[in-house]
Amino acid sequence: MEFPEELRYTPKDEWVRQQDGEADIGITDYAQDELSDIVFVDLPEPGASFAKGDAFGVIESVKAVSDLYMPVGGEVLARNERLAEEPELVNESPYGDGWLIRVRLADPTELDDLLNAADYQAQLSSD
Amino acid sequence: MNANGPQQDIGANLTFDRSRPGRRGVEVSRWDGERAESPPSHLLRDNVNLPELSQGELVRYYTRLSTLNFGVDSGSYPLGSCTMKYNPKVNDLVANSPGFSNMHPLAADENVQGTLGILYDLQEALGNITGLPAVGLASAAGAQGEFAGMLMIKRAIEARGELDRRRRVLVPDSAHGTNPATAAMVGFTVTEIPSGPDGCMDPEAFERELDDTVAALMITLPSTLGLWEKGIEDVVKKVHNVGGYVYGDGANLNAILGRIRFGDLGFDVCHLNLHKTFSTPHGGGGPGAGPVCTTNELAHYLPAPVITRSGSAEEPSYALERPSQSIGRMQQFHGNVGVLIRAYTYIRTLGFGGLRETSGTAVLNANYLRTLVEGHYALPYPSRVMHEVVFSGSRQKRDHGIRTYDIAKRIIDMGFHPPTVYFPLIVAEALMMEPTETESREGVEAFAEALIAIAEEAANEPGLLHEAPTTAPIGRLDEATAARRPVLRWQPAGEGAGQPPAEKAPEKDTAGARA
């Protein structure tokens, strides 16, 4: 299972890739594996704003339906439109083509509260 | 498998495929009398594309399908949280007797006094069983009972002038999924209370949430982990102390029937699932009955109708009435009367002693299963359980790459209905088993032996689990593709071969469209 070094993680299994005040958000390799085959992803319209910890969408697999939580606060700039027709991209490429939304960070210092790859992995193995 | 085997019979070979032009099930005799006018031309269609079969072909087709079904009359059905007990046939005998089955829903009260009398007695019985004396029978399912009960609580808060402030409903994470859904449907916001290591509510997390914005606590008792909430009386008091109500999800009543009453614990409202605890056929979507029971203080909010009794003991008179501040109707007419009569029959057949024995045996069976299977599967909450036990396939997943899904499919090959899987959500790879009291000792042992054999296969012959089921009428289905790209409408062969025609394809619910 992969956990890229350059990403930041939440205990609820989301990842954040930050660049120039914007950030891409997705779910981790562990999360997609736990959910198994993903069949539907419900994402917010661009323009919507969420605080850190808010539920911003829903992801559904053959096993379960789960809320998606904002790792950081911000305004949604884009969502991954391909997932409407190809939700399996989240399984195939959780850090790449299976990204969920792009946001403009409300407060970049919120990134400091997130986990690095090693800490996230340590948390997974302690569960 | 021979050509007439089940694989041949279903799926590829529907009534449409068997259709031959001009074949008829019944011959309608020629009418020589006056003809009515044809409907307007825009309502007429040239080809309605209905299957054409002889009566014998059709009867054989459906009879064949019916033999492929698996129900409580076929075998053990340990579907956790669903209480798939055997339903005694006397229930059907009574409900199907002409006096009940021929009753017209619009009959005047004075013409159906017998039926109303039975429904009144059922209200009384359920009031006694729950300790919550005011009962409305009309809700048609557990979730509808929850909805009724939570609407009643909302009305009561509104009457106190506190609805602006009291918007939150506390729901433990071991509750039935319908509990938070109901709270949200009624217009409250949901605050989830995490479980502690013992599976009960984390007391600190619970107390942190207690304030005057709490409308209610909704609690499934026993929980979906099959565990009793320790200190529940204290929990109830604390919610009452901040002015909130306590709602009990009684779907798991089979564990406490005749022993513990929601009313005695201080609960304000609960619902029951008659189709589970009181042995009426269910599954496949219904029919059900989810009566709501409450205190005398909240009785005037009950859904309509309730049955009232007046007159003397020798000559009672029953009537349908709308409580003074009723939340309204949940269902047309009197609710699912056939289900209510079956439940009444069950209660009268068993009596109080029998009902009490029911819960004792249900709990004994669940714990016997737990002790037989423990050691072969992970048991995240290893304490004594109530009516059901939640194992985890996490060990099989970690060591052998076998998922709970594979285990469930293999259980079909062993001749049992699989347990509930992947629920509750707080247990990874959950396998939730509820043998119920109607399994014999040998039945529980046979199911345990099957689970142990599967655990051994997972270690030694994992291929058997990946391929399962191999003995069922249909093998493993591609559930992911079925959910991702559903074909919602049958199409004649040749016209897209099973795919909906492009121009008529149902609009897919694209991401965000529901937001």
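Owing to the predicted nature of the structure, the values given are computational and were not obtained by experimental measurement. (Residues numbered from 1 in each chain as written. Chains lettered and ligands numbered in written order. Predicted model: local features only at pLDDT ≥ 70, side-chain atom pairs only at ≥ 80, totals over all residues.)

Participant: Can you tell me about the overall build of chain A, naming the residues and giving the values?
Facilitator: The helix and strand inventory of chain A stands at 3 helices and 9 strands. Taken from N to C terminus, the helices and strands of chain A fall in the order β-β-β-α-β-β-β-β-β-α-β-α. Relative to the compact-globule value of 14 Å for 127 residues, chain A shows a C-alpha radius of gyration of 13 Å, a close match. Overall size of chain A, expressed as C-alpha extent along the three principal axes, is 35 × 35 × 20 Å. (Helix = DSSP H or I, 4+ residues; strand = E, 2+ residues; numbered from the N terminus. Rg over C-alpha atoms; globule rule 2.2 N^0.38 Å.)

Participant: Describe the packing of helix α12 (residues 337-373) of chain B against helix α15 (residues 441-460) of chain B, naming the residues involved and giving the relevant values.
Facilitator: All names here are of chain B. Axis separation between α12 and α15 bottoms out at 9 Å; the angle between their running directions is 30°. The angle between the axes of α12 and α15 places the two elements in the roughly parallel class. With respect to the hand of their crossing, α12 and α15 are arranged in right-handed fashion. For the pair formed by α12 and α15, the contact residues are N365, Y368, L369, L372 and V373 on the first element and V444, E445, F447, A448, L451 and I452 on the second. Its residues placed into classes, the contact of α12 with α15 shows 9 nonpolar, 1 polar and 1 charged. (Axes fitted to C-alpha atoms, helices over the stretch in contact; angles between N-to-C directions. Parallel < 35°, antiparallel > 145°, perpendicular 65-115°, else oblique. Left-handed = near helix turned anticlockwise from the far one by under 90°. Contact = placed C-beta atoms within 7 Å. Nonpolar A, V, L, I, M, F, W, Y, C, P; charged D, E, K, R; others polar.)

Participant: Account for the sheet that holds strand β6 (residues 55-61) of chain A, naming residues and giving values.
Facilitator: Residue and element names in this part refer to chain A. What the 3 strands build is an open sheet, ordered β4-β6-β7; its pairing is antiparallel. Looking along the sheet, the strands with just one partner apiece sit at the ends: β4 (38-42) and β7 (65-69). When strand polarity is set aside, the average angle formed by the axes of neighbouring strands in this sheet is 25°. Summarising the sheet, β4 and β6 pair through 4 bridges and their orientation is antiparallel. Residue pairing in the sheet places F40 in a bridge with E60 of β6. (Pairing = 2+ DSSP bridges.)

Participant: Account for the interface of chain B and chain A, naming residues and giving values.
Facilitator: Taken together, the 11 residues of chain B in the interface contact 15 residues of chain A. The class makeup of the residues in the side of chain B that touches chain A is 6 nonpolar, 2 polar and 3 charged.

Participant: Quick rundown of the nonpolar core? Include the residues and the values.
Facilitator: Membership of the largest hydrophobic core comes to 115 residues, with the highest contact counts inside it found for M152, I153, Y247, L340 and A343 of chain B. The element contributing the most residues to this core is α12 of chain B, with 14 residues. Ranked by size, the runner-up nonpolar core spans 28 residues in total, among them I38, V41, F50 and L83 of chain A. (Core = buried A, V, L, I, M, F, W, Y, C linked by C-beta atoms within 7 Å. Buried ≥ 20, exposed ≤ 12 C-beta atoms within 10 Å, placed from the backbone.)

Participant: Run through unusual backbone geometry, naming residues and quoting values.
Facilitator: P305 of chain B follows A304 of chain B through a cis peptide bond whose omega is -5°. Structurally, the position occupied by P305 of chain B is in the loop between β7 (292-294) and β8 (306-311). Each neighbour pair has its own omega, and for F423 of chain B with P424 of chain B the value is 0°, a cis peptide bond. By the secondary structure assignment, P424 of chain B is in the loop between β11 (420-421) and β12 (430-433). Positive phi is not limited to glycine here, since D13 of chain A has a value of about 75°. Counting through the fold element by element, D13 of chain A comes out in the loop between β1 (8-9) and β2 (14-19). Note on D13 of chain A: 23 C-beta atoms within 10 Å, which makes it buried. Backbone geometry at T83 of chain B places phi at a positive 45°, although glycine is not the residue there. Of note, T83 of chain B is situated in the loop between α3 (55-67) and α4 (89-95).

Participant: Would you mind going over the packing of helix α7 (residues 142-159) of chain B against helix α8 (residues 178-186) of chain B in detail, with residue names and values included?
Facilitator: Residue and element names in this part refer to chain B. Packing of α7 against α8 brings their axes to within 9 Å, and their N-to-C directions diverge by 45°. As summarised for this structure, α7 and α8 are arranged oblique, according to the angle between their axes. For the pair α7 and α8, the sense of crossing is right-handed. Residues G142, A143, E146, F147, M150, L151 and K154 of α7 form the contact with α8, whose participating residues are T178, N179, T182, A183, M185 and V186.

Participant: Please provide a residue-by-residue account of the sheet that holds β12 of chain B, values included.
Facilitator: Residues and elements named next belong to chain B. The 3 strands lie next to each other as β10-β12-β11, forming an open sheet whose pairing is antiparallel. Two strands bound the open sheet, and with one partner strand each, they are β10 (389-392) and β11. In the sheet, β11 pairs with β12 via 2 bridges, with the strands oriented antiparallel. Within β12, the residue paired with T420 across the bridge is M432.

Participant: Got a sec to walk through the environment of V59 of chain B? Specific residues and values, please.
Facilitator: Along the chain, V59 of chain B falls in helix α3. Taking C-alpha positions, V59 of chain B is 9.7 Å from G25 of chain B, a pair spaced 34 residues apart along the chain.

Participant: Break down α3 of chain B for me, with residues and values.
Facilitator: Working note: α-helix, 3.6 residues per turn, so residues spaced by three or four point in the same direction. Taking 1.5 Å as the rise per residue, α3 of chain B with 13 residues should run 18 Å; its terminal C-alpha atoms sit 18 Å apart, in good agreement. Here α3 of chain B lies mainly on the outside; 0 of its 13 residues are buried. (Expected span 1.5 Å × (residues − 1).)

Participant: So what's going on with the confidence of the model for chain B? Residues and values would help.
Facilitator: Residue and element names in this part refer to chain B. Overall, the predicted model of chain B reaches an average pLDDT of 91, with 93% of residues at or above 70. Overall, residues 1-7 carries pLDDT values under 50, and its contacts beyond four positions in sequence, including any with other chains, amount to 4 contacts. Low confidence marks residues 496-515, where pLDDT is under 50. Its contacts with residues over four positions away, or in another chain, come to 30 contacts. Predicted as a complex, the structure gets a pTM of 0.88 and an ipTM equal to 0.80. (pLDDT = per-residue confidence, 0-100.)

Participant: Got a sec to walk through the pairing of strand β3 (residues 22-27) of chain A? Specific residues and values, please.
Facilitator: Residue and element names in this part refer to chain A. With 5 of its 6 residues buried, β3 lies for the most part within the structure. One ladder, built from 6 bridges, connects β2 with β3; its direction is antiparallel. The partner of V16 across the bridge, within β3, is I25. Hairpin connection, β2 to β3: the antiparallel pair is bridged by 2 residues, and D20 has positive phi, about 50°.

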